[in-house]
Amino acid sequence: QSKNPFIITLNPEVSAYRVIKASSIVISMPFTATAHIARELGKPSCFYDPSGLLHTDDRAAREIPVINNPKALLDWIKSRKLNTC
């Protein structure tokens, strides 16, 4: 369970599609289908790699942005005009 009110952990049995459909933006860990589902639903989507090991132009991202540091992630979120903590 996260202490951050902007992060919600879910039971794996909950439909990712349903959660993404109700979301404003989607931040996924590389490389998962959730980012692609979000893109298909027209939601802003990115991959976040806190390790910094992935290149931001990694082909596996399939044109979804790869963000690899906390400041860049915060900037990406702010550019979507969302409230941040």
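Structural data are supplied above this passage.
My aim in this report is to walk through the structure given alongside it, one point at a time. (Residues numbered from 1 in each chain as written. Predicted model: local features only at pLDDT ≥ 70, side-chain atom pairs only at ≥ 80, totals over all residues. Heavy atoms only, no water.)

**Some thoughts on the overall build of the protein**
Stage number 1. Helices and strands together make up the secondary structure of the protein, namely three helices and three strands.
Stage number 2. Listing every helix and strand of the protein by position from the N terminus yields α-β-α-β-β-α.
Stage number 3. In terms of overall dimensions, the protein is globule-like: its C-alpha atoms have a radius of gyration of 13 Å, near the 12 Å expected for 85 residues.
Stage number 4. For the C-alpha atoms alone, the extent of the protein along its principal axes is close to 30 × 25 × 25 Å. (Helix = DSSP H or I, 4+ residues; strand = E, 2+ residues; numbered from the N terminus. Rg over C-alpha atoms; globule rule 2.2 N^0.38 Å.)

**Re the nonpolar core**
Stage number 1. Counting residues in each nonpolar core, the largest one holds seven residues, listed as Ile25, Cys46, Tyr48, Ile67, Leu73, Trp76 and Ile77.
Stage number 2. At the level of secondary structure, the elements contributing two or more residues to this core comprise β2 (45-48) and α3 (70-79).
Stage number 3. Top element by residues in this core is α3. It accounts for three residues.
Stage number 4. One finds Ala35, Phe47, Ala61 and Ile64 within the second-largest nonpolar core, a separate group that totals five residues. (Core = buried A, V, L, I, M, F, W, Y, C linked by side-chain atoms within 4.5 Å. Buried < 20%, exposed > 50% of the residue type's maximum accessible area, 1.4 Å probe, protein only.)

**So, the sheet that holds β2**
Stage number 1. The three strands lie next to each other as β1-β2-β3, forming an open sheet whose pairing is parallel. Each edge of the open sheet carries a strand with a single partner, namely β1 (26-28) and β3 (66-67).
Stage number 2. Examined bridge by bridge, β2 and β3 share two bridges and lie parallel to one another. Bridge assignment links tyrosine 48 to a residue of β3, and that residue is isoleucine 67.
Stage number 3. This element, α3, spans β1, β2 and β3 of the sheet and lies at about 170 degrees to β2. (Pairing = 2+ DSSP bridges. Contact = heavy atoms within 4.5 Å. Axes fitted to C-alpha atoms, helices over the stretch in contact; angles between N-to-C directions.)

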